[in-house]
2 protein chains.
Amino acid sequence: MNRAILIPVGDELLSGNVVDTNSGWIAHQLDLIGIPVSRIYTVPDDFNSLLEILKEAEEKAEIVIITGGLGPTKDDVTKSVLAHWSHSQLKEDLPTLSRIQAYFKARGKEVNELNAAQAIVPDKAEVLPNHLGTAPGLWIPSSRGCVVSLPGVPFEMKDLMIQEVLPRFRKNYAGALWLEHTLLTLGIPESELALHLKPIEDVLPPEVKIAYLPQPGLVKVKLRIQAEANQKETGIILLHQQIEKIKQRLGGSVAGEGDETPEGIIHTLLLSSNQTLATAESCTGGALASSLLGIPGASAWFLGGMIPYQNRRKNEWLGVENDLFHTVGAVSEPVAKQMAEGIRQRTGSTYGIGITGIAGPGGATPEKPVGTVWISLASPDETITECYLFERDRQRNIRRTCLAAIDMLRKKHLGLWGRGRFD
Amino acid sequence: MNRAILIPVGDELLSGNVVDTNSGWIAHQLDLIGIPVSRIYTVPDDFNSLLEILKEAEEKAEIVIITGGLGPTKDDVTKSVLAHWSHSQLKEDLPTLSRIQAYFKARGKEVNELNAAQAIVPDKAEVLPNHLGTAPGLWIPSSRGCVVSLPGVPFEMKDLMIQEVLPRFRKNYAGALWLEHTLLTLGIPESELALHLKPIEDVLPPEVKIAYLPQPGLVKVKLRIQAEANQKETGIILLHQQIEKIKQRLGGSVAGEGDETPEGIIHTLLLSSNQTLATAESCTGGALASSLLGIPGASAWFLGGMIPYQNRRKNEWLGVENDLFHTVGAVSEPVAKQMAEGIRQRTGSTYGIGITGIAGPGGATPEKPVGTVWISLASPDETITECYLFERDRQRNIRRTCLAAIDMLRKKHLGLWGRGRFD
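Residues numbered from 1 in each chain as written. Chains lettered and ligands numbered in written order. Predicted model: local features only at pLDDT ≥ 70, side-chain atom pairs only at ≥ 80, totals over all residues.

Caption draft 1: How the structure looks around the overall build of chain A. Secondary structure summary: chain A contains 14 helices and 17 strands in total. Taken across its 423 residues, chain A has 48% of its residues classed as buried. Considering only residue pairs separated by 6 or more positions, chain A has 66% of its internal contacts joining residues 24 or more positions apart. (Helix = DSSP H or I, 4+ residues; strand = E, 2+ residues; numbered from the N terminus. Buried ≥ 20, exposed ≤ 12 C-beta atoms within 10 Å, placed from the backbone. Contact = placed C-beta atoms within 7 Å.)

Caption draft 2: Just the domain arrangement of chain A, in detail. Residues and elements named next belong to chain A. You can read the domains of chain A as domain 1 (2-172), domain 2 (177-257) and domain 3 (262-413). Between the C-alpha centres of domain 2 and domain 3 there is a distance of 31 Å. Taken residue by residue, the interface counts nine residues in domain 2 and ten residues in domain 3. (Domains from an automatic or database assignment.)

Caption draft 3: Representation of helix α4 (residues 94-106) of chain A. The first and last C-alpha atoms of α4(A) sit 18 Å apart over 13 residues, in line with the 18 Å expected at 1.5 Å per residue. Positive backbone phi, approximately 65°, marks A:Gly108, located one or two places after α4(A). (Expected span 1.5 Å × (residues − 1).)

Caption draft 4: Geometry of the confidence of the model for chain A. On average, residues of chain A carry a pLDDT of 91, and 97% of them reach 70 or more. Interface scoring of the predicted complex returns ipTM 0.73; its pTM is 0.75. (pLDDT = per-residue confidence, 0-100.)

Caption draft 5: Structural view of the interface of chain A and chain B. Counting from both sides, the interface comprises 70 residues of chain A and, opposite them, 70 residues of chain B. Note that strand β14 (residues 302-307) of chain A and strand β14 (residues 302-307) of chain B share three bridges and pair antiparallel. Paired with A:Met306 across the strands is B:Met306, a residue of β14(B). (Pairing = 2+ DSSP bridges.)

Caption draft 6: Structural detail: the relation of the copies chain A and chain B. Its rotation angle being 180°, the transformation that places chain A on chain B also includes 0.1 Å of axial translation and leaves an RMSD of 0.1 Å. Within this description, the copies of the chain are treated as partners about a two-fold rotation axis. When you check the interface residues of chain A against chain B, 99% turn up at the interface there too, and the contact is symmetric in its surfaces. (Least-squares fit on C-alpha atoms with pLDDT ≥ 70 in both.)

Caption draft 7: Geometry of the nonpolar core. Core analysis: the biggest nonpolar cluster contains 133 residues, and A:Ile353, A:Ala405, B:Ile353 and B:Ala405 have the highest contact counts within it. Every residue in contact with A:Ile353, bar those within four places of it in the chain, is listed here: A:Leu277, A:Thr279, A:Ala280, A:Leu288, A:Ala340, A:Leu377, A:Ala405 and A:Leu409. (Core = buried A, V, L, I, M, F, W, Y, C linked by C-beta atoms within 7 Å.)

Caption draft 8: Broad picture of unusual backbone geometry. The omega torsion across A:Gly360 and A:Pro361 is -5°, close enough to zero to call that bond cis. Among the secondary structure elements, A:Pro361 is positioned in the loop between β15 (351-357) and β16 (372-378). With a phi angle near 60°, B:Asn274 is a residue other than glycine that sits in the positive phi range. The topology assignment puts B:Asn274 in the loop between α9 (262-273) and β13 (277-281).

Caption draft 9: Layout of the pairing of β14(A). All names here are of chain A. When you tally the buried positions in β14, you get six out of six residues, the bulk of the element. Inspection of the sheet shows strand β13 (residues 277-281) paired to β14 by four bridges, in the parallel sense. Within β14, the position partnered with Ala280 by the bridge is Met306. Following the chain from β13 across helix α10 (residues 287-293) to the adjacent parallel β14, one finds a crossover that is right-handed. (Right-handed = clockwise from strand over helix to strand, strands pointing away.)

Caption draft 10: Region of the structure containing the sheet that holds strand β16 (residues 372-378) of chain B. One open sheet accounts for ten strands, arranged β17(A)-β16(A)-β15(A)-β13(A)-β14(A)-β14(B)-β13(B)-β15(B)-β16(B)-β17(B); its pairing is mixed. Every other strand in the sheet has two partners, leaving β17 (383-389) of chain A together with β17 (383-389) of chain B as the edge strands with one partner each. Taking each pair of neighbouring strands and ignoring which way they run, the sheet shows an average axis angle of 10°. In this sheet, β16(A) lies alongside β15(A) in antiparallel orientation, the contact comprising six bridges. Across the sheet, residue A:Gly354 finds its bridge partner in β16(A), namely A:Ser376. On top of the sheet, helix α13 (residues 333-347) of chain A reaches β13, β14, β15, β16 and β17 of chain A; it is set at about 145° to β15(A), its chief contact. (Axes fitted to C-alpha atoms, helices over the stretch in contact; angles between N-to-C directions.)

Caption draft 11: The arrangement of the sheet that holds strand β10 (residues 208-214) of chain B in detail. All names here are of chain B. Here we have four strands laid out as an open sheet, ordered β10-β11-β9-β12, and antiparallel in their pairing. Of all strands in the sheet, those bounded by a partner on one side alone are β10 and β12 (254-257). With direction set aside, neighbouring strand axes in the sheet form an average angle of 25°. Bridge count between β10 and strand β11 (residues 220-229): seven bridges; the pairing is antiparallel. Its bridge partner being in β11, Ala211 is matched across the sheet by Arg224.

Caption draft 12: Representation of helix α6 (residues 154-172) of chain A in the model. At A:Met161, α6(A) shows its largest kink, close to 45°. Contacts from the buried residues of α6(A) go to α1 (22-32), β3 (61-67), β6 (126-128), β7 (137-141) and β8 (146-150) of chain A. (Bend = angle between axes of the 7 residues up to and from the residue.)

Caption draft 13: Spatial organisation of the packing of helix α2 (residues 47-60) of chain B against helix α3 (residues 78-85) of chain B. Residues and elements named next belong to chain B. Here α2 crosses α3 at 50°, and the two axes come no closer than 10 Å. What the angle tells us is that α2 and α3 run oblique. The element α2 and its partner α3 pack so that their crossing is right-handed. When α2 is examined against α3, the residues Phe47, Leu50, Leu51, Leu54 and Lys55 are found in contact with a partner set consisting of Thr78, Ser80, Val81, His84 and Trp85. Broken down by class, the residue content of the contact of α2 with α3 amounts to six nonpolar, three polar and one charged. (Parallel < 35°, antiparallel > 145°, perpendicular 65-115°, else oblique. Left-handed = near helix turned anticlockwise from the far one by under 90°. Nonpolar A, V, L, I, M, F, W, Y, C, P; charged D, E, K, R; others polar.)

Caption draft 14: Seen up close, the environment of A:Tyr309. Structurally, the position occupied by A:Tyr309 is in the loop between β14 and α11 (311-318). As for A:Tyr309 and A:Ile398, which are separated by 89 residues in sequence, their C-alpha atoms are 14 Å apart. Beyond its immediate sequence surroundings of up to four residues, A:Tyr309 is in contact with A:Ser282, A:Gly285, B:Ser299, B:Phe302, B:Leu303 and B:Gly304.

Caption draft 15: Fine view of the packing of helix α7 (residues 190-202) of chain A against helix α8 (residues 232-250) of chain A. Residues and elements named next belong to chain A. The geometry of α7 relative to α8 is characterised by a closest axis approach of 10 Å and an angle of 150° between their N-to-C directions. In terms of their interaxial angle, α7 and α8 are classed as roughly antiparallel. Two packed elements cross with a definite hand, and for α7 against α8 that hand is right-handed. Only Lys245, Ile246 and Arg249 of α8 make contact with α7, whose side of the interface consists of His196, Leu197 and Ile200.

Caption draft 16: Seen up close, the environment of A:Pro205. Here A:Pro205 is to be found in the loop between α7 and β10 (208-214). Here the alpha-carbon distance between A:Pro205 and A:Ser332, two residues 127 residues apart in the chain, equals 50 Å.

Caption draft 17: Geometry of the environment of A:Ala280. Residue and element names in this part refer to chain A. With respect to the element layout, Ala280 can be found in strand β13. For Ala280, a count of 33 C-beta atoms within 10 Å gives the class buried. On a C-alpha basis, the gap between Ala280 and Tyr388 in space is 17 Å, while along the polypeptide they are 108 residues apart. Sequence-distant contacts of Ala280, defined by excluding residues within four places in its chain, comprise Met306, Pro308, Leu318, Met339, Ala340, Gly342, Ile343, Ile353 and Gly354.

Structural data, given as structure tokens:
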């Protein structure tokens, strides 16, 4: 039986200009309360396409959620389709109009006619107030359950789901329990992980599922372990047993759990041990610092960063010896080392990271192909330096370099540096 | 009539762990050769779900493209579904096996059994060689046209589309011509743009469509203008006329065209005028530098960056007067100004950007709420400094700050700074 079907609406989703991040988020929220999403049907901003798919979905599933197509411009069709399908009239909803007026007043702006048109809704719909934007959510009963319409703007959609929609679903539709947990591994490709876990997968209980969620081009794989259970307690025990087995087998390659990110792991490690970090990045151009500083509260342990993109800055700002540029070149072990040690010294941080490499596509030499990167980590007891050879794509090389640097710091900090991959 | 339907496969797409960027890319490629995508059906890694939707799609559309579900791990089902649907046997394809062996040999690695299993394919399928990975593409004739299966890894999928699939589509399926062009606007919200363009939209020829593609939370809207034509020449003239009208009406708020990005625009402007830039970022933590340095060749004009996250660094590294931290605070006009001028002076760059603000969620005071950001741009003739008040979300505040800084630089460089929004 189909429990839930999602219908993202918008030409922009069918043209590559906008990526649909809403559907995955909604599906995950539903999954956790035992409402599996069986399909996502993406349709263009076209009256007949949406109407056809809405009728099909509504016959198949208890819950249908439409996202998007509620914008203030001409090309949005969701409300007229909903009105047609539910035999409603479109009418102005006064509480929504007041909310829109208040929304603009708080921002010192006038309501224009397009904004005001957001208050026009099908009369058979229950209005779900949108506190972060102008387009309201709509809830319309259907033959098997309900059709919900939400704005396509992700943070407005999420707020409406959390405040209005999920509480109703929990009350009326929640089903068989799926418990899940996620492990984050770093540094090991998917197929190697899968082979190493084969002994565990071969004897996996039928109620347990393991899924590999690799990030293309990055050596960062999430393992999602799910257990089905009628009772929460049984499920937790079953899940916990399997997770312990997996963690033991994978050793230090498991970097985090749940929603943890590589950057978040560094945040937790440094914050809890009262240690600090500073960075000197050449080929990554600040990508490492900015990914770490994306974490709220990182100011507690991040002391400063430099992006000495040119050799002269490496010398002036960090004390890298000028001779090295002529003898071994800027992309070399001693330059990375002096950058790491230089930034550590200049900020008084516990750890200093130095990065120099060739992100590409230009800058390669026969001895140093695109993707050659030296990463150095200066710490209180030693400076460790590694050479990596990534691939041809600039953006992916930058991201892989940041991940490799984060993993070096994690392993060094935890005393795992220099051990085997699964130790 | 349905010309093309896409079927992305994977539990990870239904759980929010991975975002489907493939479908939009494919749809856009097909759009440009007159093959509109009418639906995207996303289904889980489940034999019956995929089989059901494949049968439905294959009856409705000439072209069906399945992405994903070809990975080396147990949970991938695409090949067995294709074999069942096409009444094929699964057999080992020797050329594919050789290609996989060569792929691993080139990387100095052994082929493990999971990798080798990628060479097993349905015998009614034509194999499309994958030169960047192990899972081959498959092409199977259907009652109305064809079913194509591609790996889910984006760069492998794209390479297969470009090398193998699109040339065949162009030959056998290409349809009525849609010409399109995109304009990138900065600094104006979607509804304001739409109102300002109303006089043009009201008299738009029926063969022309305008779509608004805003990025949630960012004041960066793409306008996609499309024209339908039987002959390329007629379409180009029609499209060109409308684009000129729109550009004239929107004035300096149009920052770029086609695939141009805000960062790419800065790259072009600075490179062509032989001018240079350096950055000093506090609350954005290197995000501005790293977004600019994501552009290949940026080393020609980016002289260096600093991330003086702490007040002491702002003083030591950039010469910001220590008094200011006590009198007006770190998030203030004079501090931003001294950061911009300091980095410009220390690198000898044409332009220096200084950024200081409260990205959130912490760090706010009653006078300086979360989202308060000062951006300063030092240039040869003057230093301009602006205060922005963004919203509550840290990541979005960082991204909006970077965009605002880029737009200040663009406007100053082009002599647009200080004029009206549409001048």
